[in-house]
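Residues per chain are reported as follows:
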Amino acid sequence: MTALNSRSPSIHDPLSRIFEDGVRAAWPICLGYLPIGLAFGVIAQKGGLTPFEIGIMSLLVFAGSSQFIAVSMMGAGAGLPAIVMTTFMVNFRHFLMSSTMAAYLRGVKKTWLSLYAYGITDESFALNLTRFQEEPWDWKRAFVVNQTANIAWIGSTVLGGVGGTLLPAGAFGMDFALLGMFLCLLVFQLKGIFHGVTAFLSGVSAVAFSLLFGGNGHIVAASLLGATLGLALKKIFFRRKGGEKSC
Amino acid sequence: MLTDHLLIFLAMGIVTYLPRWVPLYVLAGRDLPGIWVAWLELIPPAILSALIAPALVTTGSPKHFDLLTPEFLVAVPTFLIAWKTRSLAATVLSGMFLYWLAGLFLFPG
């Protein structure tokens, strides 16, 4: 990723500058959330939720796919335990993201960590992680990214609940914005042969698991499997190599 | 009705927040053994790939495998653009444009 401009961002910058950088960085997420949020608002409103309830739900949960699933379960008359259990399983993937993100949030006060945790989504995690790895980035800017995405999510879901889709179906290819962002961030993550092997194994098993078992468990299962196999192959490879050298 | 819904949302919020919070709260600022660091380093490509791949090559309900989805056909050039340009903006915008084109010409209606 190329730096936005020549100035070098620092955590000691004035808050206005940190705020500006964070909001700017979040644009692909906002773009991608808009069509999904609007669509969710429409579906939730049809399912009997008021715009106020939609806003509260987006604020409290802030996890798109689980919200879609919960609304359809509510419509089908599912009870609280079933909805909560499903939500937990669908959103458990954040556990892996949070574990990975922890390394970049050293020295952050526990209160701020707890607030930061609320904003960890697939999108903000992937975007912030890449920023942390590729250029000067800090937890304050990352926090602004999280919260900008949060506002975009709450806003677009409520808007969908009030005004309908607003966008014509497929407008401007916006439905591809998040996939495009993930693809690019994946490319940034392919830092070596074993990163590539891991991504390949994880992708193939995610497809297989999602076809075999349905549901949403495939993301966690495939990520764990892919990373573990990738690491195992890396260890075996370097052991072999080390062994040959010592011969 | 409203309180029922709010209770569901609150419970959903709690079980969503916990897996986001626990690792961050416990692990931030702690030195992990090298093997865990090496493993966690492979988690981002693994997660990204696990998020992307099913969205590209599975479709319909019930889900089935399909290589001829607009998502997959657009993802291939988008991936190459990302590889070449290493620019998030160029990738996202050209991906959107290609997806829009695909919707117009390859998968109308």
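Residues numbered from 1 in each chain as written. Chains lettered and ligands numbered in written order. Predicted model: local features only at pLDDT ≥ 70, side-chain atom pairs only at ≥ 80, totals over all residues.

> Is there a simple way to think about the overall build of chain B in this case?
In terms of helices and strands, chain B carries four helices and two strands. When the helices and strands of chain B are listed from N to C terminus, the series reads α-α-β-β-α-α. By the compact-globule yardstick of 13 Å for 109 residues, chain B is too spread out, its C-alpha radius of gyration being 20 Å. Seen through its C-alpha atoms, chain B measures out along the principal axes to roughly 50 × 50 × 30 Å. Residue burial in chain B is summarised as follows: out of 109 residues, 44% are buried. Taking the intrachain contacts of chain B between residues at least 6 apart in sequence as the baseline, contacts between residues at least 24 apart amount to 28%. (Helix = DSSP H or I, 4+ residues; strand = E, 2+ residues; numbered from the N terminus. Rg over C-alpha atoms; globule rule 2.2 N^0.38 Å. Buried ≥ 20, exposed ≤ 12 C-beta atoms within 10 Å, placed from the backbone. Contact = placed C-beta atoms within 7 Å.)

> It is not clear to me how the overall build of chain A should be interpreted in this structure. Could you clarify?
Helices and strands together make up the secondary structure of chain A, namely 12 helices and zero strands. Reading the helices (α) and strands (β) of chain A from amino to carboxyl end gives α-α-α-α-α-α-α-α-α-α-α-α. Projecting the C-alpha coordinates of chain A onto the three principal axes gives extents of approximately 70 × 50 × 40 Å. For chain A, buried positions account for 53% of its 247 residues. In chain A, the proportion of contacts linking residues at least 24 apart, taken out of those at least 6 apart, comes to 76%.

> Is there a simple way to explain the domain arrangement of chain A in this structure?
By convention, interface size is frequently given as the accessible area that disappears when the constituent parts associate. Residues and elements named next belong to chain A. Split by domain assignment, chain A resolves into domain 1 (16-189) and domain 2 (191-247). Between domain 1 and domain 2, the C-alpha centre-to-centre distance is 27 Å. In this complex, domain 1 contributes eight residues to the contact, which on the side of domain 2 involves eight residues. When residues of the side of domain 1 that touches domain 2 are traced back to their parent elements, those giving at least two are helix H5 (80-91) and helix H10 (177-189). (Domains from an automatic or database assignment.)

> What's the story with the interface of chain B and chain A in this structure? I'm lost.
Taken residue by residue, the interface counts 61 residues in chain B and 80 residues in chain A. At the level of secondary structure, the elements contributing two or more residues to the side of chain B that touches chain A comprise helix H1 (2-27), helix H2 (34-57), helix H3 (70-85) and helix H4 (88-106) of chain B. The dominant element in the side of chain B that touches chain A, judged by the number of residues it contributes, is H1 of chain B, at 20 residues. Looking at the side of chain B that touches chain A residue by residue, the classes come out as 46 nonpolar, 11 polar and four charged. (Nonpolar A, V, L, I, M, F, W, Y, C, P; charged D, E, K, R; others polar.)

> Looking at this structure, I do not really get the environment of Val204 of chain A. What am I missing?
Inspection of the secondary structure assignment puts Val204 of chain A in helix H11 (residues 193-213). Expressed as a C-alpha distance, the spacing of Val204 of chain A and Ala222 of chain A, which sit 18 residues apart in the sequence, is 8.2 Å.

> It is not clear to me how the packing of helix H3 (residues 51-61) of chain A against H1 of chain B should be interpreted in this structure. Could you clarify?
Packed helices, taken two at a time, are described by their axes: the angle between them and the distance between them. Interhelical geometry of H3 of chain A versus H1 of chain B gives an angle of 20° and a closest axis separation of 8 Å. On the basis of their axis angle, the class for H3 of chain A and H1 of chain B is roughly parallel. The two elements H3 of chain A and H1 of chain B meet at a crossing, and its hand is right-handed. For the pair H3 of chain A and H1 of chain B, the contacting residues are Glu53, Ile56, Met57, Leu60 and Val61 of chain A in the first and Leu2, His5, Leu6, Phe9, Leu10, Met12, Gly13 and Thr16 of chain B in the second. (Axes fitted to C-alpha atoms, helices over the stretch in contact; angles between N-to-C directions. Parallel < 35°, antiparallel > 145°, perpendicular 65-115°, else oblique. Left-handed = near helix turned anticlockwise from the far one by under 90°.)

> Is there a simple way to explain the nonpolar core in this structure?
One recurring pattern in soluble globular proteins is that nonpolar side chains are buried together. Ranked by internal contacts, the top residues of the largest apolar core, which has 105 residues, are Phe182 of chain A together with Leu24 of chain B. Two domains share this core, each providing at least three of its residues, namely domain 1 (16-189) and domain 2 (191-247) of chain A. Sequence-distant contacts of Phe182 of chain A, defined by excluding residues within four places in its chain, comprise Ala126 of chain A together with Leu48, Leu51 and Ile52 of chain B. (Core = buried A, V, L, I, M, F, W, Y, C linked by C-beta atoms within 7 Å.)

> Help me understand the confidence of the model for chain B, please; the structure alone is not making it clear to me.
Any segment with low pLDDT has predicted coordinates that should not be analysed in fine detail. Residues and elements named next belong to chain B. When the pLDDT values of chain B are averaged, the result is 92; 98% of them are 70 or greater. When pLDDT is averaged over each element of chain B, H3 comes out on top at 96 and H4 at the bottom at 92. Among the prediction metrics, the complex's ipTM stands at 0.92, with pTM recorded as 0.86. (pLDDT = per-residue confidence, 0-100.)

> I'm lost on the packing of helix H2 (residues 27-46) of chain A against H10 of chain A in this one. Help?
Residue and element names in this part refer to chain A. The geometry of H2 relative to H10 is characterised by a closest axis approach of 7 Å and an angle of 145° between their N-to-C directions. Between H2 and H10, the contacting residues are Pro28, Leu31 and Gly32 on the first element and Ala177, Leu178 and Met181 on the second. Tallied by class, residues from the contact of H2 with H10 come to five nonpolar, one polar and no charged.

> What's the story with the environment of Ala142 of chain A in this structure? I'm lost.
All names here are of chain A. Summarising the element assignment, Ala142 is placed in helix H9 (residues 139-163). The buried category is assigned to Ala142, around which 27 C-beta atoms lie within 10 Å. Dropping the residues within four chain positions of it, Ala142 is found in contact with Asn128 and Trp137.

> Teacher, can you tell me more about the environment of Leu68 of chain B here?
All names here are of chain B. Checked against the element boundaries, Leu68 lands in the loop between strand S2 (64-65) and H3. Classification of Leu68 as exposed rests on a count of 10 C-beta atoms within 10 Å. Note: C-alpha distance between Leu68 and Leu88 (20 residues apart in sequence) is 25 Å.

> Honestly, unusual backbone geometry in this entry has me stumped. Any pointers?
Excluding glycine, residues mostly carry a negative phi; peptide bonds, for their part, are mostly trans. Here the residue pair Ser61 of chain B and Pro62 of chain B is connected by a cis peptide bond, since its omega of 0° sits within 30 degrees of zero. One non-glycine residue, Phe62 of chain A, lies in positive phi territory at about 50°. Position of Phe62 of chain A relative to the elements: it lies in the loop between H3 and helix H4 (64-75).

> I would appreciate a short explanation of the confidence of the model for chain A in the present structure.
With 94% of its residues at a pLDDT of 70 or more, chain A shows a mean pLDDT of 90. Element-level pLDDT for chain A is lowest in helix H12 (residues 218-246) of chain A, with a mean of 85, against a maximum mean of 97 in H3 of chain A.

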